[in-house]
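Here is what each chain is made of, one letter per residue.
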Amino acid sequence: MKDIKARTQQLLKEKIVEAITKAIHEGAIPTDRVPDFYLEVPQDSTHGDFAANVAMLMARQARMAPRKIGEIIAANMDISATPVEKVEVAGPGFINFYLKPTWANGVILDILRKGRDFGRQEFGKGIRVQVEFVSANPTGPMHMGNARGAALGDALASILKMSGYDVTKEFYINDAGNQIENFGLSLEARYLELLGREGHIPEGGYHGEDIKEHMKALIEEEGDRFLNMDSQSRRAYFIKYALEKNIQRMKQDLANFGVEFDVWFSEQSLHDAGKVTDVINLLKQKGCTYEKDGALWFRASDYGAGKDEVLIRANGLPTYFASDIAYHKDKFDRGFDRVIDIWGADHHGHVARVKGALKALGYDPEKLTVILMQLVRLYRNGEIARMSKRTGRAVTLADIVEEVGRDAARFFFNMRSADTHLDFDLDLAIKTSDENPVYYVQYAHARICSILRQASEQGVTLPDIGADSWGSMEKYAYMLTEKNEIELIKKLADFPGEIRLSAENLSPYRITNYCMELASIFHSFYNSCRVLTEDRDLTAARLMLVQAVQQVLKNAFGILGISAPERM
RNA sequence: GCGCCUAUAGCUCAGGGGAUAGAGCACCGGCCUCCGGAGCCGGGUUUUGCGGGGGUUCGAAUCCCUCUAGGCGCACCA
C-alpha cells in the first residue's frame, strides 16, 4: 500500500484529471487532451500543501490564459471526498491546494504499525540488482576513495532494498594481472632482503611496510625454506599467502565499518574458468577485433568509446579490460536485471569501453550504470591532510574509522553527491557540538529515548497500538495541531518519498540531508511543545509522535549504517 | 588536443523546467527554577550570491551551444 502522501497526491491528480475532462467535454477548455503534469509540494508553504502546473502546460494548445484555465479546473473540481480545504489559482497559473492541517497525521499510526518497514517501497519488486563497490586492489590497505565507496555503496544497496529490489552486494577482487605480478616480485624482494640476500623491488612495485610485514610473518612461520625454490613457484606461494591475509584484513576493516558483502568475486576465477578467453573469442567471432603491433584490439571506437583498446597484449597476456568484459558479461549471465558499479572518477575513461564491449556482445549497455565518485580531500587543522596521525602513512579506511569513528565517517561520506569532491573535516567529525551534524541527528534520537524513559519512570502508559483498536487510536493522532507538530508530522510523511527519490537518483546523500532536517524540526518541536504534561490524552498523542520520529530516525540511520544511540 | 566531473552566500554544499533560489558552518544578538543547553529563537551579513556570453521556453540555477577557470583521465597498468 502506498504511503499517505503518495495516496493523497494520486487522489488529487485523479480529481484534477476528472475536472479537466469534464471541462473539455463541456467545451469550457478548447483542447482534447490532458498533458502530463506534476503535483508537488511548493517551496513556499504559503502556496499551499500541493501545487499543480497543469494549467500552464495547457495554455499553448488551448490558446487560453493559464490563469483562466486554472480557474475553470478549480471550479470543476469535486473535492468532497478529499482532505482539501481550499483551492486557489495563483502566480502564473498554479492551482494550489490547501489541505486540512491534520491531513497527514494518520502517518503516525502508520509508522508505529509498520515499524522498521515504514518507508519500504514496492516499485523495485522482482528486479534483481547488483551493486558492485569498493573492489579495492588487494595488494594493500584500502584508501580514502575505497572508504567513500564503501559508505556510498552500502547505503545505496540499503536504499534499493528498501525500494523492493532484490539486491546483491559484490566486491570484485583484482587478484590477477600486472599488479599481482608486481606484488609477487615485491614480496620476493622483501623476503630476500629480510634474509640478508639482495632484493630488488621492480618499477611499479610495492614499497609499503605491509609488504615487509607479510614476509616477516612468513619467515617466522616457515623460515628460509623458499630460498632454494625457483622464483616463479615461490612468488606464487607468496602471492597466495599475502593475498589471503590482505583479503581477510579488508573483510575485517569493512566489517568494522559496518559493510558486509554478499559476494566476493575473484578476477582470477574468470581466468581459471576460461571465461576471459571465451569472451575474447566471442568478440573475435563478431568481427569487432583486429591485430596490430602483435596485440589484439577491440574496435571500441565503433561502439561509442573514444579509441580502440587492447584485449591481448603482445606478450600474450590479456589486459584488465579483457577480464572486465568477461566479468560484466558474467554479471548479466548470472541474471541481474541491472548492474550498478561504483568507481573512482579516475576510471571514467573505462566506462564507455566496457559499455561498448557489452553492446558488441549483444547486451544492453543501459542496464549497466556506473557511478563515478570524485576525490576525497581530508582536512585537519584547516589544512589538507594526507598522512595518518598514527602511522604517518597515507590515511586508510581503517585509520579513518579509528580516528573519527564509524558513525561519523559513514555519515560524512554520504553528505555529498558522488559527483562532487568531498572535503572531509576530521576535526569537525569528532567535535561533540552542534557544529557536527552527525551528533546533531543522533542527539535527536537520544533525546527521544530520554523522554520515553521518563515516561516509563512516571508510569505513563501508551494506548495499545494493536490493529483492533485502530479506530480509538485515531483521536490521538488528530489531537496534534500545533504548528511544530504539524510540521514534524509532514516531515515524517515525506520519508517514503525520500526513499523513492534516493533510489531513482541513486543518491544516498538525500537520506543524510533528510536526517538533518527531521532532527532540526524535532528539536524545534521539543523546545516548543512539552511531551509529558498533566493532560493524559495529549501526553499520549505526543508520545506516539516522538516514538514515530524515533522510528523514522532509526530507519534512516539503518540505511546510512550509523547507530541510533539511546544515550550519548 | 580529446573525454568525464565541477563552478550557487565569507566557507562547505542542496536545488525533479515553475512562484520571493535554500541549508549547515562562520559571524552578531537573545533563551533553561520546566521532558538532556550535544538544544532552541532571531538576524543574509552595504544595491541582482547561480563563472561569462548566446539560444530554446509562457517561464532557465536547471535544457542546448559556446567561452573561461579548476579537478581527473586519455598505457600492450588496474
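Residues numbered from 1 in each chain as written. Chains lettered and ligands numbered in written order. Predicted model: local features only at pLDDT ≥ 70, side-chain atom pairs only at ≥ 80, totals over all residues. Heavy atoms only, no water.

K.L.:
Quick question: what am I supposed to make of the protein's contact with RNA strand B here?
P.N.:
Neighbouring RNA strand B are 64 residues, the closest being Phe94, Arg313, His348, Tyr443 and Tyr509. Counting only atoms of RNA strand B within 4 Å of the protein, the fraction found in sugar and phosphate groups is 62%. For RNA strand B, a base oxygen lies 2.4 Å from a polar atom in the backbone of Ala314. A distance of 2.3 Å is found between a sugar or linking oxygen of RNA strand B and a side-chain nitrogen or oxygen belonging to Tyr443. Counting residues per element, the ones that place at least two in the surface near RNA strand B are helix H2 (54-62), strand S4 (94-99), helix H6 (178-194), strand S9 (295-298), helix H12 (348-360), helix H16 (437-457) and helix H19 (509-528). With eight residues, the single largest contributor to the surface near RNA strand B is H16. Taken together, the residues of the surface near RNA strand B break down into 27 nonpolar, 20 polar and 17 charged. (Near = heavy atom within 4 Å. Polar contact = N/O pair within 3.5 Å; in protein donor to acceptor, adjacent residues only side chain to side chain. Helix = DSSP H or I, 4+ residues; strand = E, 2+ residues; numbered from the N terminus. Nonpolar A, V, L, I, M, F, W, Y, C, P; charged D, E, K, R; others polar.)

K.L.:
Help me understand the packing of aromatic side chains in this model?
P.N.:
Where two aromatic rings form a pair, the distance of their centres and the angle of their planes describe that pair. Applying the stated criterion across every chain, the model contains 24 aromatic pairs. Between Phe226 and Tyr237, the ring centres sit 4.9 Å apart and the planes meet at 35°, which makes this aromatic pair tilted. Residue Phe226 is located in the loop between helix H7 (209-222) and helix H8 (231-256), and its partner Tyr237 is located in helix H8; the two are separated by 11 residues in the primary sequence. What makes Phe226 buried here is its relative accessible area of 0%. With relative accessibility at 31%, the residue Tyr237 sits in the partly exposed group. (Phe/Tyr/Trp six-rings, centres within 6.5 Å; stacked < 30°, edge-to-face > 60°. Buried < 20%, exposed > 50% of the residue type's maximum accessible area, 1.4 Å probe, protein only.)

K.L.:
Which parts of the structure should I look at to understand the environment of Lys15?
P.N.:
Locating Lys15 in the fold gives a position in helix H1 (residues 4-25). C-alpha separation for the pair Lys15 and Ala81, spaced 66 residues apart in sequence, amounts to 9.8 Å. Those residues within four positions of Lys15 in sequence are excluded, and the remaining contacts are Met77, Asp78 and Thr82. (Contact = heavy atoms within 4.5 Å.)

K.L.:
For this particular structure, what's the right way to read the environment of Ala28?
P.N.:
Relative to the elements of secondary structure, Ala28 occurs in the loop between H1 and strand S1 (39-40). Its relative accessible area of 30% is what places Ala28 among the partly exposed residues. C-alpha of Ala28 to C-alpha of Ile73: the two residues are 45 residues apart in sequence and 9.5 Å apart in space. Beyond its immediate stretch of four places on either side in the chain, Ala28 contacts Ala23, Met64 and Ile72.

K.L.:
Which parts of the structure should I look at to understand the sheet that holds strand S15 (residues 422-425)?
P.N.:
The strands that make up a sheet are held in pairs by hydrogen bonds between backbone atoms, and each pair lies either parallel or antiparallel. Across the sheet, three strands lie side by side as S14-S13-S15; this open sheet has mixed pairing. Looking along the sheet, the strands with just one partner apiece sit at the ends: strand S14 (383-384) and S15. Of the strands in this sheet, strand S13 (376-380) and S15 touch helix H14 (residues 406-413), which is tilted by about 155° from S15. (Pairing = 2+ DSSP bridges. Axes fitted to C-alpha atoms, helices over the stretch in contact; angles between N-to-C directions.)

K.L.:
Looking at this structure, how should I read the nonpolar core?
P.N.:
Most often, soluble globular proteins have nonpolar side chains that are buried together. The biggest cluster of nonpolar side chains holds 128 residues, and the ones touching the most others in it are Ile16, Ile73, Phe97, Leu160, Phe413 and Phe424. The leading source of residues in this core is helix H20 (residues 536-560), at 15 residues. If sequence neighbours within four positions are ignored, Ile16 has contacts with Phe37, Leu39, Ala52, Val54, Ile73, Met77 and Phe97. (Core = buried A, V, L, I, M, F, W, Y, C linked by side-chain atoms within 4.5 Å.)

K.L.:
Before we go on, may I ask you to explain the pattern of salt bridges in this structure?
P.N.:
A side chain of one charge can pair with a side chain of the opposite charge when the charged atoms of the two come close. What the rule picks out here adds up to 33 salt bridges. The closest approach of N and O atoms between Glu222 and Arg225, which form a salt bridge, is 2.7 Å. Note on Arg225: relative accessible area 42%, which makes it partly exposed. Connected through salt bridges with shared partners, the residues Glu170, Lys275, Asp330 and Arg334 form a single ionic network. (Salt bridge = Lys/Arg side-chain N within 4 Å of Asp/Glu carboxyl O.)

K.L.:
I tried to follow the sheet that holds strand S2 (residues 50-52) on my own but got confused; where do I start?
P.N.:
Across the sheet, four strands lie side by side as S1-S2-S4-S3; this open sheet has antiparallel pairing. Lying at the two open borders of the sheet, with one neighbouring strand each, are S1 and strand S3 (84-90). As judged from the six bridges shared by S3 and S4, these two strands associate in the antiparallel manner. Following the sheet pairing, Val89 is matched in S4 by Ile95. Sitting on the sheet, helix H3 (residues 66-76) is in contact with S3 and S4, with an inclination near 160° to S3.

K.L.:
Could you clarify how one ought to interpret the environment of Thr168 in this entry?
P.N.:
Tracing the sequence through the fold places Thr168 in strand S6 (residues 166-173). Those residues within four positions of Thr168 in sequence are excluded, and the remaining contacts are Val129, Gln130, Val131, Asp262, Val263 and Phe336.

K.L.:
I tried to follow the side chain of Ser135 on my own but got confused; where do I start?
P.N.:
Following the sequence through the fold, Ser135 ends up in the loop between strand S5 (128-132) and helix H5 (144-162). Of note is the side chain of Ser135, whose polar atom sits 2.6 Å from the side chain of Glu132. One polar contact links the side chain of Ser135 to the main-chain amide nitrogen of Tyr172, over a distance of 3.0 Å. Filtering out sequence-adjacent residues up to four positions away, Ser135 remains in contact with Phe171, Tyr172 and Asn174.

K.L.:
Help me understand the confidence of the model for chain A, please; the structure alone is not making it clear to me.
P.N.:
For any part of a model where pLDDT is low, the fine detail of the predicted coordinates should not be relied upon. On average, residues of chain A score 92 in pLDDT, and 99% of them are at 70 or above. Reported confidence for the predicted complex is 0.94 by ipTM and 0.95 by pTM. (pLDDT = per-residue confidence, 0-100.)

K.L.:
In this structure, what is going on with the packing of H6 against H8? I would like to understand it.
P.N.:
Packing of H6 against H8 brings their axes to within 9 Å, and their N-to-C directions diverge by 100°. It follows from the interaxial angle that H6 and H8 lie roughly perpendicular. Contact residues: H6 offers Ile180, Glu181, Phe183, Gly184, Leu185, Leu187, Glu188, Tyr191 and Leu192, while H8 offers Ser231, Arg234, Arg235, Phe238, Ile239, Ala242, Leu243 and Asn246. Per-class residue counts for the contact of H6 with H8 are 10 nonpolar, three polar and four charged. (Parallel < 35°, antiparallel > 145°, perpendicular 65-115°, else oblique.)

K.L.:
Help me out: how do you make sense of helix H18 (residues 483-505) in this one?
P.N.:
Residue pairs three or four apart in sequence face the same way in an α-helix, which turns once every 3.6 residues. Its 23 residues give H18 an end-to-end C-alpha distance of 32 Å, which sits within 8% of 33 Å, the value for a rise of 1.5 Å per residue. Helix geometry: H18 is bent most strongly at Phe495, by close to 35°, with proline Pro496 lying one to four residues after it. Positive phi shows up at Leu506, right after H18, with a value of about 50°. (Expected span 1.5 Å × (residues − 1). Bend = angle between axes of the 7 residues up to and from the residue.)

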